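# Working through the structure, step by step
Now for the letters of each chain:
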Amino acid sequence: MTSLGLGDNAHLFQANLEQRRRRSARFRRACSAFTWLGVGTLFVLLGQILYQGAAWLGWDFLTSFASRFPSRAGIFAALVGTLWLIVTTAAISIPVGVAAAIYLEEYAPRTRLTRFLELNISNLAGVPSIVYGLLGLAVFVRWLSLERSVISGALTMSVLILPVIVTAAREALRAVPPSLRDAALGVGATRWQCTWHHVIPQALPGILTGVILAISRVFGETAPLLVIGLPIFVSRTPSGLGDSFTVLPLQIYNWTQRPNHEFQNLAAAGIIVLLVVLLLTNLVAVVLRQRTETES
Amino acid sequence: MTDAAPGPTQPTEGRAGPDVQVEAAFTCRGLTLGYGDHVVVRDLDLEFPEKRITAIIGPSGCGKSTLVRTLNRMNDFIPSFTKAGTCLYRGVELYDPSLDPVLLRRQVGMVFQKPNPFPKTILQNVTWGPMINGYTGDLRELAVESLQKAALWGEVAARLDQPALSLSGGQQQRLCIARTLAMQPDVILMDEPCSSLDPVSTSRIEELMDSLRERYTIVIVTHNMQQAARISDLTAFLEGGDLVEFGDTDQIFTRPLYKRTEDYVTGRFG
Ligand SMILES: Nc1ncnc2c1ncn2[C@@H]1O[C@H](COP(=O)(O)OP(=O)(O)O)[C@@H](O)[C@H]1O
Ligand SMILES: [Mg+2]
């Protein structure tokens, strides 16, 4: 090995380079193996679903209502219902969640009460979703008599994802450097001007990431809506917040429960539709986030 | 101010007042500052004269930042901050409930240790403060004027709409000074404004401060003895929570009254 002229004390260092390099390489191989294991499993599942469902996809499938006959059954009501649910849930949970995060981060005094609140919010994120379904059934469907409607479902889903939004938005707000607040307050801004003009724009990409994660969850949640008792056979799309509706995962779940083999294929086709809608929504959100990032 | 005569309980050190007879922008009397139970600055008596540059020197952690951040109430946002005694700004108690801290900060501007421009364009950095404070004149004109005063205009005239963060550290700090000047303040507080800058940028900021000397009351915290000696009219030396000595800069650096001051300004401390 060539000497790099390490000086008189070089003999005190046992570099052991060979072994360190081998370990490094082994670690890298392990990480890449696990990555491919995860991605590979996903691709096998996706392939299976595509194989099963692709033939059933088509304009008719997208625009038909549910039916007892597989060849006539479609996913229209569930697709439209999911979109209604997503939009309504977003409209409720984003303002409420972000406002709560801003209050807790920017305004709330550090009292025992706020610390208790904070602890609860992080714990709520871990509560099983079926519990939120029971809550939705008791409070929104029965007590507030909102029936099994879009608004009941959206309120239930909002309660479910609020902890995620609040926690993510708080992290994002906390990551805004204090020097930026100093700068704004130092030129005579009020707390509101400082927050609205500087802190929120700076935190927006982080907030959006949390919102994307939370909303993605709404696409796939089945249990709470099952508990609320959403119908599967809906022959109308909702035309208002008070109307009855169903969603994609419920429809898919229902089809998988049927003995008829063709319904299994319909379920696979439904999953493809669900994934595409989810992908498109996330795409929009990611583009939105990138735009806010490059703006600042 | 007429109550400068030390009472019987005054400490023996620390009240050799400066010779200049001018109005005080700030008058601190028995000012004690701290966080929770931790007292940082004890029983401080100090006047910051108008239209002068007053330097605050002292070892790290002696409360220099705490003191200057009290002067425009930036400490309001630290829940554990505590204050006793009085500090008057033009005869008005800083913490009087009738004094709006937002208005105070409009008149007592601040430049921070690390340049902290807004992540917006160069122009917006200067105009944002006046805009949100309802400035009725021409914002662009005001920005140009402020950038000229801050000796930055020549370098940014052609790129006003570029992001402020694309400027060098020294330029960013001068932009922050321009942002403060645009508010047309009475006082400019500077907390180690050059500590993250290279020597060339530092000397440009010192030249800039020299050009502002006549028009503004400036309070500057600095770790750099030569800087304090070069640019300030008066110097206050804080150590261990006490004001050790306060006087004309010349006197502090050439004929300090106390051994502690001499040791510090000549670099023989610790
Ligand atoms: N926000 C804070 N909360 C609690 N203690 C603080 C805070 N800021 C500063 N201190 C403490 O106050 C003392 C003085 O700090 P500071 O005023 O920043 O000193 P200097 O600017 O002279 O270096 C230090 O001991 C520091 O640890
Ligand atoms: Mg400091």
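Residues numbered from 1 in each chain as written. Chains lettered and ligands numbered in written order. Predicted model: local features only at pLDDT ≥ 70, side-chain atom pairs only at ≥ 80, totals over all residues. Heavy atoms only, no water.

### Remarks on the overall build of chain B
Selection criterion: Think of it this way: any DSSP run of H or I at least four residues long counts as a helix, any run of E at least two long counts as a strand, and we number them from the N terminus. As defined in this context, the radius of gyration uses C-alpha atoms, and a globule is described by 2.2 Å times the residue total to the power 0.38. For every residue, the accessible area (1.4 Å probe, protein chains only) is compared with the maximum for its type, and the residue is labelled buried under 20%, exposed over 50%, or partly exposed between those bounds. In this analysis, two residues are considered to be in contact whenever any of their non-hydrogen atoms come within 4.5 Å of each other. Note that His is not counted, nor are the chain ends; the positive residues are Lys and Arg, and the negative ones are Asp and Glu. In this description, the location of a charge corresponds to atom NZ of lysine, CZ of arginine, CG of aspartate or CD of glutamate.
The helix and strand inventory of chain B stands at 10 helices and 10 strands. Computed over the C-alpha atoms, the radius of gyration of chain B is 19 Å, within 12% of the 18 Å expected from 2.2 N^0.38 for a compact globule of 270 residues. Here chain B, with 270 residues, has 53% of them falling under the buried criterion. For chain B, long-range pairs separated by at least 24 residues make up 68% of all intrachain contacts whose partners lie at least 6 apart in sequence. If you average the places of the 27 positive and of the 34 negative side-chain charges in chain B, the two averages end up 5 Å apart.

### Remarks on the sheet that holds strand β2 (residues 38-49) of chain B
The pairing of strands in a sheet comes from backbone hydrogen bonds and takes either a parallel or an antiparallel form. All names here are of chain B. The criterion, for reference: Strands are treated as partners if at least two bridges between them are detected by DSSP. Between N-to-C directions, angles cover 0 to 180 degrees, with each direction set by a line fitted to C-alpha atoms, over the stretch in contact for helices.
An order of β2-β1-β4-β5 is seen for the four strands of this open sheet, with the pairing classed as antiparallel. The outermost strands of the open sheet, each flanked by one partner alone, are β2 and β5 (92-93). Note that strand β1 (residues 24-35) and strand β4 (residues 81-89) share eight bridges and pair antiparallel. Counterpart to Leu33 in the pairing with β4 is Lys83. In the packing of helix α1 (residues 64-71) onto the sheet, the strands contacted are β1, β2 and β4, and the crossing angle to β1 comes to about 125°.

### Looking at the interface of chain A and chain B
The condition that has to hold: Values labelled buried area give the accessible surface lost by two parts on being combined, using a 1.4 Å probe and summing over both. In what follows, salt bridge is the name for a side-chain nitrogen of Lys or Arg lying within 4 Å of a carboxyl oxygen of Asp or Glu. Counted as a polar contact is a pair of N or O atoms within 3.5 Å, where, for protein atoms, one must be capable of donating a hydrogen and the other of accepting one, and residues adjacent in sequence contribute only when both atoms are in side chains. Only Asp, Glu, Lys and Arg are considered charged in this grouping, and only Ala, Val, Leu, Ile, Met, Phe, Trp, Tyr, Cys and Pro are considered nonpolar; every other residue, Gly among them, is considered polar.
Counting residues at the interface gives 17 residues for chain A, matched by 20 residues for chain B. Taking both sides of the interface into account, the surface hidden between chain A and chain B amounts to around 1,600 Å²; carbon and sulfur atoms contribute 66%. Taken together, the connections running from chain A to chain B amount to one salt bridge. As a salt-bridge pair, Asp182 of chain A and Arg69 of chain B come within 3.4 Å of each other at their nearest N and O atoms. Across the chain A-chain B interface, the total number found is six residue pairs in polar contact (both at pLDDT 80 or more). Among the secondary structure elements, those contributing two or more residues to the side of chain A that touches chain B are α7 (178-186) and α8 (191-220) of chain A. No other element matches the seven residues that α7 of chain A contributes to the side of chain A that touches chain B. Tallied by class, the residues present in the side of chain A that touches chain B amount to six nonpolar, nine polar and two charged.

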